Amino acid sequence: MQMRIGLLLSALSATFLFSVTNSFANQSKESSVTPILVTLPARDTTSVDTTIFTKVDLEATFPGGENGWRTFLENNLKADVPVRRKAPAGQYMVVVQFIVDKQGNLSDIRPLTNLGYGMEKEVVRVLRKSPKWQPAMMNGQPVKAYRKQPLTFVVSEVK
């Protein structure tokens, strides 16, 4: 007896198709094929949640809200970076994007603007020092989500 095994995979289940071919010398030259179909559930992937939300019911927030965020920036951000790098007078809005996971950890911090004068690098540096944030919420549950955070630097001329 010969056995051929094929494997078909789908997103929800793994299907194994076994077909058995009988070929005995004293049977007719036509072979009979008996398919046997066995369907097994796919691996449980719910334990590894890889979904990163872009829209949520409640955005991730810095602990202490806006006042806590402002205090953290005052204590950690070197606001004179664009001045030391000779940026012309004006307002510069830097926007960074990052991921806040279910535990409040930040990752994948990257600037979405490229204004220069060291501003994006400074914001990324400060966010890496950040304590855990309060995670975003979806349907009453904490979720891993993207967060976009604008920060504005103001460079004034001295008269």
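Summarised in this report is the structure supplied together with it.

Here is what the cut-offs are and how they apply
Residues numbered from 1 in each chain as written. Predicted model: local features only at pLDDT ≥ 70, side-chain atom pairs only at ≥ 80, totals over all residues. Heavy atoms only, no water. Pairing = 2+ DSSP bridges. Helix = DSSP H or I, 4+ residues; strand = E, 2+ residues; numbered from the N terminus. Axes fitted to C-alpha atoms, helices over the stretch in contact; angles between N-to-C directions. Buried < 20%, exposed > 50% of the residue type's maximum accessible area, 1.4 Å probe, protein only. Phe/Tyr/Trp six-rings, centres within 6.5 Å; stacked < 30°, edge-to-face > 60°.

### Section: the sheet that holds strand S8 (residues 145-155)
If you trace the 3 strands from one edge of the open sheet to the other, you get S5-S4-S8, paired in antiparallel fashion. The two strands at the open ends of the sheet, each matched to only one other strand, are strand S5 (106-111) and S8. Neighbour to neighbour, the strand axes of the sheet diverge by 25° on average, direction disregarded.

### Digging into the pairing of strand S4 (residues 90-100)
Counting buried positions along S4 gives 8 out of 11 residues, so the element sits mostly inside the fold. Where S4 and S8 come together, 11 bridges link them in antiparallel fashion. Paired with Phe98 across the bridge in S8 is Arg147. Here S4 folds back onto S5 in antiparallel fashion, the turn holding 5 residues, of which Gly104 has a positive phi close to 95°.

### Describing the packing of aromatic side chains
Applying the stated criterion to the full structure yields 7 aromatic pairs. Ring centres of Phe98 and Trp133 lie 5.3 Å apart, and the angle between their planes is 70°; this geometry places the pair in the edge-to-face category. With Phe98 in strand S4 and Trp133 in the loop between helix H3 (119-129) and strand S6 (136-138), the pair connects residues that are 35 residues apart, well separated along the chain. Each member of the pair Phe98 and Trp133 is classed as buried. Put simply, the rings of Phe62, Trp69, Phe72, Phe98 and Trp133 pair up and form one aromatic cluster.

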